[in-house]
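Inside the fold
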Amino acid sequence: MQPTKVTVTTTVAAPIDQVWEYYTRPEHITQWNFATDEWQCPRAETDLRPGGKHSARMEAKDGSFGFDFEAVYDIINPPNQLSYTMADGRQATTLFEATGDATKVTTTFDAETMNDVDMQQQGWQAILNNFKRYAECK
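Only a predicted model underlies this, so the values are computations on that prediction, with no experimental measurement involved. Per-chain numbering applies: the sequence of each chain, read as written, is numbered from 1 onward. Given that the model is predicted, a residue must reach a pLDDT of at least 70 before its local features are reported, and side-chain atom pairs must reach 80 or more before they are shown or counted; all residues, however, enter totals for whole chains, interfaces and linings. With hydrogens and water set aside, each side-chain value is computed from the structure's full complement of heavy atoms.

**Describing the pairing of strand 5 (residues 81–86)**
Formally: Only strands joined by at least two bridges in the DSSP assignment are considered to pair. Going along the chain from the N terminus, every DSSP run of H or I of four or more residues is numbered as a helix, and every run of E of two or more is numbered as a strand.
Across six bridges, strand 4 (residues 66–77) lies against strand 5 in antiparallel orientation. Counterpart to Asn77 in the pairing with strand 5 is Gln81. Counted between consecutive antiparallel strands, the loop separating strand 4 from strand 5 contains three residues. Pairing of strand 5 with strand 6 (residues 91–99) involves five bridges; the strand directions are antiparallel.

Quick look at the structure:
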């Protein structure tokens with residue numbers, strides 16, 4: 001059975017090269033890679049090349065729960081596209097499109113089967129919204 005594809009998107013009021021940097025560099029990822037203020041991303045690592053590894057620690061600030069998000073990059077095309085395969089075999093692609101003085105960021109990912117698809121979409125969208133806030137404040 002084919003996985004359900006879910007898409008989230010935002011437009012960041014920043015040039016594409018800056019958006020790419022903030023999206024892919026570990027020192028920036030740790031500043032935005034969480035859905036709510038009760039969570040944090042204390043660690044991120046990226047080996048930004050096909051076959052390279054991406055990992056990020058995501059955890060509740062109170063220490064009650066956390067997990068490591070891991071993936072292997074399949075496609076790296078700066079500053080327009082990155083695709084990766086998550087540890088459980090699901091795939092995700094993020095596209096960056098310059099639109100004048102802004103950049104449209106669109107991520108399409110394979111939903112997992114443990115949680116409701118709408119909940120997953122809301123969570124990924126919340127993280128992308130957090131990225132937008134961070135990238136526009138820099």
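**Re the pairing of strand 1 (residues 5–12)**
Put simply, the test is: Accessible area is worked out with a 1.4 Å probe on protein chains only. A residue is then buried under 20% of its type maximum, exposed over 50%, and partly exposed in between.
Side-chain alternation along strand 1 places Val6, Val8, Thr10 and Val12 on a buried face and Lys5, Thr7, Thr9 and Thr11 on a face that remains uncovered. In this sheet, strand 7 (residues 102–110) lies alongside strand 1 in antiparallel orientation, the contact comprising eight bridges. Bridging across to strand 7, Val8 finds its partner in Thr107.

**Points about the sheet that holds strand 4**
This is how the line gets drawn: Axis definition: a line fitted to C-alpha atoms, limited for helices to the stretch in contact. Angles are taken between N-to-C directions and run from 0 to 180 degrees. Residue contacts are counted whenever heavy atoms from the two residues lie within 4.5 Å of one another.
Read from one edge to the other, the open sheet built from seven strands follows the order 1-7-6-5-4-3-2, with strand pairing classed as antiparallel. The sheet is open, and its two borders are formed by strand 1 and strand 2 (39–46), each paired with just one other strand. On average, each strand axis in the sheet is inclined to that of its neighbour by 20°, with strand direction left out of account. Relative to the sheet, helix 1 (residues 16–24) contacts strand 1, strand 2, strand 4, strand 5, strand 6 and strand 7, its axis offset from that of strand 6 by approximately 155°. Packing of helix 3 (residues 117–137) onto the sheet brings it into contact with strand 1, strand 3 (53–60), strand 5, strand 6 and strand 7, and relative to strand 1 it is tilted by some 20°.

**A closer look at helix 3**
Quick reminder of the rule: A helix is expected to reach a length of 1.5 Å times the quantity of its residues less one. Polar contacts here mean pairs of N or O atoms no more than 3.5 Å apart (in protein, one a potential hydrogen donor and the other a potential acceptor; neighbouring residues in sequence count only if both atoms are side-chain atoms).
Taking 1.5 Å of rise per residue, the 21 residues of helix 3 would be expected to cover 30 Å, and the 30 Å separating its terminal C-alpha atoms lies within 8% of that figure. Looking at helix 3, one finds that the buried residues are Gln120, Gln125, Ile127, Leu128, Asn130, Phe131, Tyr134 and Ala135. Close packing links the buried residues of helix 3 with strand 1, helix 1, helix 2 (26–32), strand 3 and strand 7. N-cap assignment for helix 3: the residue whose side-chain oxygen lies 3.0 Å from the backbone N of Asp118 is Asp116.

**Some details on the pattern of salt bridges**
Put simply, the test is: When a carboxyl oxygen of Asp or Glu lies within 4 Å of a side-chain nitrogen of Lys or Arg, that pair is called a salt bridge.
Across all of its chains, the model carries ten salt bridges by this definition. Between Arg57 and Glu59 there is a salt bridge whose closest N-O contact spans 3.1 Å. Under the relative-accessibility criterion, Arg57 is labelled partly exposed at 22%. In this structure, Lys132 and Glu136 form a salt bridge, with 2.9 Å as the shortest nitrogen-oxygen distance. Separated by four residues within a single helix, Lys132 and Glu136 lie in helix 3, roughly one turn from each other. Its relative accessible area of 25% is what places Lys132 among the partly exposed residues. Residue classification places Glu136 among the partly exposed residues on the basis of a relative accessible area of 34%. What emerges from the salt-bridge pattern is a single network uniting Arg43, Arg57, Glu59 and Asp68.

**Some points on the environment of Asp74**
Counting through the fold element by element, Asp74 comes out in strand 4. Owing to a relative accessible area of 35%, Asp74 belongs among the partly exposed residues under this scheme. Spatially, the C-alpha atoms of Asp74 and Gly51 are 6.1 Å apart, while their sequence positions differ by 23 residues.

These figures come from the coordinates and say nothing about function on their own.
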